[in-house]
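Survey of secondary and tertiary structure
Chain residues, written in single-letter form:
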Amino acid sequence: MMVLTKKRRVGMILLTILILAATLSVFQHYLNPLQLLTVIIPEDENEAVRHFIEKLQHPEDCNSARKIVCPLSPPAGFTHLAHKLVNCFIYAAWTNRTVVLYPFRGPIVRKEGWEQFFLPISDNCSSYSKPAPPWGPDHQKHRVVKIVPHYAEPTPELRNWYEVPPPWVQAPASVESPMAWWAGHILQYIFRLQPDMTEHVRAAKEKLGFVEPIPGMHVRRTDKLIREAELVPVEEYISSIERYYGNKKKGAEKRVYLATDEPAVVTELQTKYPDYTFLSDMTTVTGANNVSEASR
């Protein structure tokens, strides 16, 4: 097993945070998730959702609060862990529970835990290490349940939860994809950075010339192609980017944040699409490539 230094773990986290920042810069304002059109949403409507999440995550009494224990294990990639957390928050919102984390260890976030990089998901109720019954049809009978949402059975109840926000989370009428808007708020809450990480991200963005809004591409290759997926041509990635810029004023500079674990992808995109400017930290790209190669 490859041991990641703290510097390299920070670099991998930075790479993912920047691709998420590029996504979130347009994510909450989708009219249509495929067309990436931007609308202006009144601040008070966004604030109501933020207040709901804050209230859910800060119960008056943690000991008596109904909870969902979200185990971020077995060890997995950073975005996989983020996916699990979003699912946990979706479950929690529909069942009026507080999300708490089960202590974990992984190749990216090690003994320091989630809070090495991010603010606690709650100031007074953020972790739980006691045994808890698994999520099931009788989940309402239990004050505390433990789930791994990624592997939950897709019952009609759960399918509905993944299609629309809970009825007490009202998306603005101007949003055609309420679920994207709702998930965007969850992601924004989850990824509140610690002060030192905020400075790392600020410096990285300044170095790259990262200016929002900007579309992002995350192109995985190396070990991903061995065990999990088939190669997706860069043309399929760029088609979505072209739709985004197709809605922009003619003559707008075409800038894209590119995250990848394969240096050749950067060269390929620059060669095939010279009218685009691809922002990519080659030190991080090379580091991610070395980690991926070592994990084969």
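Below, the structure is looked at part by part. Only a predicted model underlies this, so the values are computations on that prediction, with no experimental measurement involved. Position numbers for residues start from 1 in each chain and track the written sequence from start to end. Given that the model is predicted, a residue must reach a pLDDT of at least 70 before its local features are reported, and side-chain atom pairs must reach 80 or more before they are shown or counted; all residues, however, enter totals for whole chains, interfaces and linings. Values shown for side chains rest on all heavy atoms present in the structure; no hydrogens or waters enter the calculation.

**Here's the deal with the packing of aromatic side chains**
Two aromatic rings from Phe, Tyr or Trp, using only the six-membered ring of Trp, form a pair when their centres are within 6.5 Å; if the ring planes differ by under 30 degrees the pair is stacked, by over 60 it is edge-to-face, and anything between is tilted. In the structure shown here, the tally under the stated rule is 10 aromatic pairs. Taking 5.7 Å as the distance between ring centres and 70 degrees as the angle between the ring planes, the aromatic pair formed by Phe210 and Tyr257 counts as edge-to-face. Here the residue Phe210 occupies a position in the loop between α6 (195-208) and β4 (216-219), and Tyr257 occupies one in strand β5 (residues 254-260), the gap between them amounting to 47 residues. Any residue under 20% of the maximum accessible area for its type is buried, any over 50% is exposed, and the rest in between are partly exposed; the area is computed with a 1.4 Å probe on protein chains only. Residue classification places Tyr257 among the buried positions, given a relative accessible area of 3%. Put simply, the rings of Tyr244, Tyr245, Tyr273, Tyr276 and Phe278 pair up and form one aromatic cluster. Definition used: whenever NZ (Lys) or CZ (Arg) falls within 6 Å of the ring centre and also within 35 degrees of the ring normal, the charge is taken to sit over that ring. Looking at Arg192, its charged tip hangs above the ring of Tyr189, at a distance of 4.0 Å from the centre. Helix numbers and strand numbers start at the N terminus; a helix is a DSSP run of H or I with at least 4 residues, a strand a run of E with at least 2.

**Description of the pattern of salt bridges**
We define a salt bridge as a side-chain nitrogen of Lys or Arg found within 4 Å of a carboxyl oxygen belonging to Asp or Glu. Under the criterion given, the structure shown has 9 salt bridges. Of the charged contacts in the structure, one is a salt bridge between Arg202 and Glu206, with a shortest N-O distance of 2.6 Å. With a gap of 4 residues between them, Arg202 and Glu206 both fall in helix α6, about one helical turn apart. Exposure remark for Arg202: the relative accessible area of 40% places this residue in the partly exposed category. Here the salt bridges share partners, and the residues they tie into one network are Glu199, Arg202 and Glu206.

**Focus: the pairing of β5**
Of all 7 residues making up β5, 6 are buried, and the element is well covered by its neighbours. Any two strands with at least two DSSP bridges between them are considered paired. Summarising the sheet, β4 and β5 pair through 4 bridges and their orientation is parallel. Along β5, the bridge assignment pairs Val219 with Thr260. Of the strand pairs in this sheet, β5 and strand β6 (residues 276-279) are connected by 4 bridges, and their pairing is parallel. Residue pairing for β6: Arg255 is matched across the bridge by Thr277.

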